[in-house]
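Secondary and tertiary structure notes
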Amino acid sequence: MKLTPGGGVTFPVRRKTDRKVAKGRRNHFTGQFTFGPDEGETMDVESNTELRVALVTLARPDVVGLENQVPFAWVKPDGEPGNHHFDFVALMADGSRKAIMVKSEYRRLHPEVQLELARIAAQVTPDFADEVVVMTERDIDPVEYFNAEIMHEMRHADFEADAAARAAMAKMVATAQIQDLVDAIGLGARGFRAIVRLIRSHELELVKKVRIAHEAYVRRRISK
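Reading guide: rules and limits
Residues numbered from 1 in each chain as written. Predicted model: local features only at pLDDT ≥ 70, side-chain atom pairs only at ≥ 80, totals over all residues. Heavy atoms only, no water. Helix = DSSP H or I, 4+ residues; strand = E, 2+ residues; numbered from the N terminus. Polar contact = N/O pair within 3.5 Å; in protein donor to acceptor, adjacent residues only side chain to side chain. Contact = heavy atoms within 4.5 Å. Buried < 20%, exposed > 50% of the residue type's maximum accessible area, 1.4 Å probe, protein only. Salt bridge = Lys/Arg side-chain N within 4 Å of Asp/Glu carboxyl O.

Along the chain, D158 turns up in the loop between α4 (142–153) and α5 (159–170). Looking at D158, its side chain comes within polar contact range of the side chain of R190, at 2.8 Å. In contact with D158, not counting residues within four places along its chain, are R190 and R197.

Encoded structure:
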């Protein structure tokens, strides 16, 4: 939800797919989250792992878009047609596409599941995706997820703080500690959140793979 200049309210557009995610189950995690430019879309997820994969994927600098529940027609071993829905397809900055299957580690270890996923992946052609990966909870790096989550939580713009943060960033000549930038901004916690948003927009990047915190060091990111 966002406010318009005239004081009205607009709601995000729900991402439409041809596979309906059954929400509201008592014994199964389901939900949705808001994302995209200016909080313009919502995406359904049907597991906590899916949510984590989505947040981590969207936070990566080489990812420029994310589709969910993307249908793919394949042929079963008996010759019958099958229809698999890839949980996500990520559009990469270089123009390539990565199809992502999200499973629990428990299910992924089942030989029958492994065989079916391998058969589906073997039939994926470059016009659909350039790469197919399977992700489970074990593939989610704790530091990367922590940063993706904090960037998502602090995504809402604060125009005064964001402008002050960019002004502080413009004066950087090398690396800087986040706390020093927050001090330069002079708005306390609002300044910290603004720095997080600059990391989220990939204008700043962490010098080392660490959790985003006041003691972490950042530098201006050079587009690749």
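Take the environment of A121 next. Tracing the chain through its elements places A121 in helix α3 (residues 111–122). Relative accessible area serves as the criterion here: at 25%, A121 is assigned to the partly exposed category. As for A121 and W74, which are separated by 47 residues in sequence, their C-alpha atoms are 9.3 Å apart. A121 has contacts with M101 and V132, leaving out every residue within four places of it along the chain.

Within this structure, the stated rule accounts for eleven salt bridges. Here R197 and D162 are joined by a salt bridge, their closest N and O atoms 2.9 Å apart. You can see R197 sitting in helix α7 (residues 189–200) and its partner D162 sitting in helix α5, a full 35 residues away along the chain. With relative accessibility at 11%, the residue R197 sits in the buried group. A salt bridge links R219 to E205; the nearest nitrogen and oxygen atoms lie 2.9 Å apart. Linking R219 in strand β12 (residues 217–220) with E205 in strand β11 (residues 204–206), this pair joins segments that are 14 residues apart in sequence. Judged by relative accessible area, R219 falls into the partly exposed class, the value being 33%. With a relative accessible area of 22%, E205 lands in the partly exposed category. By sharing partners, the salt bridges in this structure join E105, R108 and R138 into a single network.

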